[in-house]
Every structure is written in structure tokens, then in C-alpha cells.
Amino acid sequence: MNGAEVVAAPAGPPVPLDWKFSQVFGERTAGEEVQEVDIISAIEFDKSGDHLATGDRGGRVVLFERTDTKDHGESRRDSERMDYSLGRHPEFRYKTEFQSHEPEFDYLKSLEIEEKINKIRWCQIANGALFLLSTNDKTIKFWKVQEKKVKKIAEMNVDPSKSMGNGSTASSSNSISARPSLENGGFPDSDRSFNYLSSDFSFPPGGIPSLRLPVVSSHETSLVARCRRVYAHAHDYHINSISNNSDGETFISADDLRINLWNLEISNQSFNIVDVKPANMEDLTEVITSAEFHPTHCNTLAYSSSKGSIRLIDLRQSALCDSHAKLFEEQEAPGSRSFFTEIIASISDIKFGKDGRYILSRDYMTLKLWDINMDSGPVATYQVHEYLRPKLCDLYENDSIFDKFECCLSGDGLRVATGSYSNLFRVFGCAPGSTEATTLEASKNPMRRQVPTPSRPSRSLGNSITRVVRRGAENPGVDANGNSFDFTTKLLHLAWHPSENSIACAAANSLYMYYA
């Protein structure tokens, strides 16, 4: 289908974007072996686009901060326009990192719980502090990251030349530093963290001629990440999604069979709003794969399933949303079923467009764009790696067919993007008349590889030996045109800047950034 109804378009289709490499963090040297714990498992821009967060399999969250914009508001937007006209690009720098989750063991179920970060979601910024939610398979945490000034007490009534009561001399700066203490939550500016003079301090002979009040002075600042709340023990199955509500007060968390609604302020209580668990587990036919709140309507959310359907639910209808307001699914073409049909139909990720009119979904082979006012089928379908269709048997044998690729939309709604194998990702234009379909590689030269064309039977080397060799080669493969694809390198996670044509994507432990 074409995307004729996708967005209100300018005159003529937009010109395809010219993507360029911007930055890389954590780039591997040639031959370097990547540690499993360093592989990036989540990426998310905040609403302003000035901060970027990544989570990895080792349970760490790393924050990056934009450095090429110094002011805010209209003047900042003007400076951005000027930057782009001069060929500059958005630049980020490492800000801080913290250990969000640790490996745990559920003794009741004899189950190891990985520390791997499954999802990160930014919350509203308040008083200059950053707030974000992070989750592993079982536990969601609410973090506050704030700059704290390290304070010192200066100008004490102590002469450095006079000795202290215990024979030691006071420091030449006449100051006592305030250090953060664990007892008060690690806040350096709390009064309880000051080190006061010891009780054996003695005044000099004759007393002190003039008493001065100590002065508290601020010195260097340090970034402190503090876990404000822990939302635990609400999911029997692995959490696959968390999503903030536009009301700024609530969020949802979804596992295979249930979606729970939380209040950010209350960590010991959640409300189950969707439950697809059958009375008899043998009757289970589909599971929840992803869930997301509408960007502006606080009563609306959507969730996808392993059968390739998307359900839109309205929280105003009932407390337990067993029935959906709308169902989006594509009708199967008659005679097209195969062993892999249901597996590749499973939706791995859904995202609302910025205005909430469209939903983008990613299944194993395609991206689909849905209009929430039209439930007869997707308004556009994009083939991501159709050349892999003849390889589905190999992909099934090495479990690659169960890989969960994410998707994202540009802030203006004119383009969509998703990842593939060999560290490739694809950008499609979804404006009326657009034929844009760009293949990029997560490297310093994003245009190095061209899109592999559909494979066709080779004229030579068709004997059984080469078939056996190719069947056994789980790693790099080559299609009939000589284009290589490597199932071990996959680009699962990527995010689009909310207001600019800038994409951040993860290839193993490296974070690559591109702009157009």
C-alpha cells in the first residue's frame, strides 16, 4: 500500500535525507571482544532531546548531555537552524552513569533474575533534576539525577598555628569539608553530613578575642543519582514494556500476560488493567509483547500481541480492560500460511507518533504504519529485510527469528526507522508520494553498505556440498548476489531525536549517532 493518507504533506514528497556520521561512544578496537555485560539493551531520548539515556545488560544506566546548544527557547531554536545551515550537527557528551539493577535470585521460584535493563523512560524534569524509570525483568526503579554542591565550613574560630587539644594542628584552610554520607541518602548538602570538631578540642590560653560565625561555602558540584522508589513484586512474568502517561502522575508496566497501572508516588500498590491469562494455561494462544500510552490522551493506551494484532483500550470504559476499543490486524492472504507465519507475525515493538494519530509497529520482516481512525489494515507496509525470507529455516534453527527489533518515528512524522542484521538500519519516508528507503550501517561510514537485493537462484555452485556448508554456517551468510549478512551482529535498539533528524542506535557496546 502507499502512504497516501499518512500525513499532511508539503508540496511534493520530501527529498530523501543525506545521513552523516556524528559521534560514537564506546567504539571497539579491531578484534576486541565485547563483554556480554557491556552490550546496550535500551536507548531513549528525553522529550527535549537534550538528554539521552542508555541501559546495558550489566544493569548500568549511562546518561549523555547535549553540548552544542547553550541557551533555551526561541534563541536556541534560531541557533540550531544556524548550526544546521553551517553544517554543524548535534553533539552529546558523557554526563554520568549509575548501577540501576543488580542480579537477584528468586528463592521461591528458584529463578535467577538478570540485571539487564529492558526499558528506560524519561519522566518530567523538575527543579533542574532529571527523573527516569528503568526496569529489568521484574523490578522497576524511579531515579532522580541531580547536581549537588559539595559544601564546606570555613572561617572557624581556630588559628592554624595553634595546636588542637589532641596535639594535631588544624588545617591551613580553616575548613572542614562536608562529605555525603550513606545515612542521609547520599545528599552532600544535608546538615547531618558535616564533620564537626571533636569533643577534645581545647581553646587557646586566654580564650578567643573575637567569635566569628562559621561560613558555609559551596565548592565543586557532583552528580548524584538516587533511587527514589522501587516498584517490585507485581509481575509473575518478564516485564517487556514501561510507558509514562501524559498526566505526569502514572505509568504502565507490561509483561506477557498482564498490564499494571502505577502511580509514580506509590510503590507498594498497582492496579491490574489488562489480564489475558486464560483460566487454563493450555488454552493460551497469544501473549502481550509491547504496550504504550497515547502521547496526549491520558485515558488511551495500545498494546501489541504475538499474533500480530494491536489493541487500543480506553481506561474510561471499565477498571479491567478485558474488551478493547479498537483492534488493528492485517488479514492473512489465503494460501500464504507456512510454519513460520505466526512466528514472524509477532509484533516486537509499537510506538505512537508525536500527535498520537498513527501507530508504528515492527514485526520480524516488516514495519507497518496504522491510522488509529482506520482499523481495516495498515496504511503503509515497509519491507525491512525481505531478502532473508528464503533463510527463515536457518534463522529459526539459530533462534534469530525470535530477535526483537525496535522501531521509531521522526518528530515530524515524515519518516520511520528500524534495525536489521549486519548492524544495518533502515529509514523509510512515509509522506505521500515518498519512495525514500535508505539503508545505513552502524559505523563511521553509514553509507558503506548498499541494501541487499532479493536473492535469486545462483547459476553455479548449486551442488549439495555448498548447500550443506551454507546450512551449517550460522554466522556470516551470503545471498546469491554476494551480499553478506551476519546474524550475530544485529541492531535491535535505536531512537529518533524528538525534534530533529538525528538517530542514536546501538551496535553491541557502541552507541552511534547520525544526523541528516
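Residues numbered from 1 in each chain as written. Predicted model: local features only at pLDDT ≥ 70, side-chain atom pairs only at ≥ 80, totals over all residues. Heavy atoms only, no water.

This next bit is on the overall build of the protein chain. Helix and strand counts for the protein chain stand at four helices and 33 strands. Looking at the protein chain residue by residue over its 516 residues, the buried ones come to 49%. Surface summary for the protein chain: the accessible area is close to 26000 Å², and the carbon and sulfur share equals 51%. (Helix = DSSP H or I, 4+ residues; strand = E, 2+ residues; numbered from the N terminus. Buried < 20%, exposed > 50% of the residue type's maximum accessible area, 1.4 Å probe, protein only. Areas by Shrake-Rupley, 256 points an atom, 1.4 Å probe, with all protein chains shown as cover.)

Summed over all chains, the structure comprises 23 aromatic pairs. Arranged with centres 5.6 Å apart and planes meeting at 80°, the rings of tryptophan 19 and tryptophan 496 form a pair that is edge-to-face. Taken together, the residues tryptophan 19 in the segment before β1 (20–25) and tryptophan 496 in strand β31 (residues 494–496) connect sequence positions 477 residues apart. For the pair formed by tryptophan 19 and tryptophan 496, the shared burial category is buried. In textbook terms, an aromatic cluster arises when at least three aromatic residues are bridged by ring pairs, as seen for Phe21, Phe425, Tyr512 and Tyr514. (Phe/Tyr/Trp six-rings, centres within 6.5 Å; stacked < 30°, edge-to-face > 60°.)

This part is about the pattern of salt bridges. For the structure shown, the criterion picks out 27 salt bridges. Between aspartate 236 and lysine 109 there is a salt bridge, with its nearest N and O atoms 3.6 Å apart. With a gap of 127 residues between them, aspartate 236 in the loop between β12 (215–231) and β13 (241–244) and lysine 109 in the loop between β6 (104–106) and β7 (111–113) connect regions that are remote in the sequence. With relative accessibility at 44%, the residue lysine 109 sits in the partly exposed group. Close ionic contact of aspartate 236 with arginine 258 constitutes a salt bridge, the shortest N to O distance being 3.7 Å. Here aspartate 236, found in the loop between β12 and β13, pairs with arginine 258, found in strand β15 (residues 258–263); they are 22 residues apart in sequence, far enough to count as distant. What you see here is one network of salt bridges that share partners, running through Lys109, Asp236, Arg258 and Asp275. (Salt bridge = Lys/Arg side-chain N within 4 Å of Asp/Glu carboxyl O.)

Here we come to the sheet that holds strand β27 (residues 424–429). Pairing between sheet strands relies on hydrogen bonds along the backbone, with the strands arranged either parallel or antiparallel. Read across the open sheet, the four strands follow the order β25-β26-β27-β28; overall the sheet is antiparallel. With partners counted over all chains shown, the strands left at the sheet margins are β25 (407–409) and β28 (437–441), one partner each. Pairs of neighbouring strands in the sheet enclose a mean axial angle of 20°, with direction left out of account. As defined by bridge partners, β27 adjoins β28 across five bridges and the pair is classed as antiparallel. Following the sheet pairing, valine 427 is matched in β28 by threonine 438. (Pairing = 2+ DSSP bridges. Axes fitted to C-alpha atoms, helices over the stretch in contact; angles between N-to-C directions.)

Another aspect to go through is the environment of glutamate 436. By the element assignment, glutamate 436 lies in the loop between β27 and β28. When its relative accessible area of 4% is taken as the criterion, glutamate 436 is described as buried. Separated by 422 residues in the primary sequence, glutamate 436 and proline 14 have C-alpha atoms spaced 8.7 Å apart. Excluding anything up to four places from it in sequence, glutamate 436 contacts Val15, Pro16, Leu17, Arg415, Val427, Phe428 and Gly429. At 2.8 Å, the side chain of glutamate 436 and the side chain of arginine 415 are in polar contact. (Contact = heavy atoms within 4.5 Å. Polar contact = N/O pair within 3.5 Å; in protein donor to acceptor, adjacent residues only side chain to side chain.)

Attention now moves to the confidence of the model for the protein chain. Mean pLDDT over the protein chain works out to 81, with 78% of the residues at or above the 70 mark. Across residues 79–86, confidence stays below pLDDT 50; counting only partners more than four residues off in sequence or on other chains, it has ten contacts. A low-confidence stretch, residues 162–195 stays under pLDDT 50, and its non-local contacts, those more than four residues away or across chains, total 70 contacts. (pLDDT = per-residue confidence, 0-100.)

This paragraph deals with unusual backbone geometry. Phi at serine 110 takes a positive value of approximately 50°, unusual for a residue other than glycine. Looking at the element boundaries, serine 110 is found in the loop between β6 and β7. What makes serine 110 exposed here is its relative accessible area of 56%. We note that aspartate 399 has phi near 70°; this positive angle belongs to a residue other than glycine.

Here we have four strands laid out as an open sheet, ordered β1-β33-β32-β31, and antiparallel in their pairing. Both outer strands of the open sheet, β1 and β31, are each paired with one neighbouring strand and no more. Direction aside, neighbouring strands of the sheet carry axes that sit 20° apart on average. Pairing analysis gives six bridges linking strand β32 (residues 502–507) to strand β33 (residues 510–515), with the strands arranged antiparallel. Bridge pairing in β33 links cysteine 505 to tyrosine 512.

Side chains of Phe339, Tyr396 and Phe402 sit close together on the surface and give an oily, nonpolar patch of about 320 Å² of accessible area. Within the secondary structure, phenylalanine 402 is located in the loop between α3 (392–397) and β25. (Patch = residues over 30% accessible without salt bridge, like charges linked within 9 Å, V, L, I, M, F, W, Y side chains within 5 Å.)

The next point concerns the environment of glutamate 155. Summarising the element assignment, glutamate 155 is placed in the loop between β10 (140–154) and β11 (176–177). For glutamate 155, a relative accessible area of 44% puts it in the partly exposed group. Each C-alpha atom of the pair glutamate 155 and leucine 213 lies 7.6 Å from the other, and the pair is 58 residues apart in sequence.

In terms of nonpolar packing, the biggest core is built from 16 residues, with Trp19, Phe425, Val427, Leu494, Ile503 and Cys505 touching the most fellow members. Where this core is concerned, the elements lending two or more residues are β27, β31, β32 and β33. By residue number, the principal contributor to this core is β32, which donates three residues. If near-sequence neighbours (up to four positions away) are discounted, leucine 494 is found in contact with Ile43, Glu406, Cys407, Cys408, Ala417, Thr418, Gly419, Phe425, Ile503, Ala504 and Cys505. Counting 15 residues, the second-largest nonpolar core is a separate cluster that includes Phe340, Met365, Tyr387 and Tyr421. (Core = buried A, V, L, I, M, F, W, Y, C linked by side-chain atoms within 4.5 Å.)

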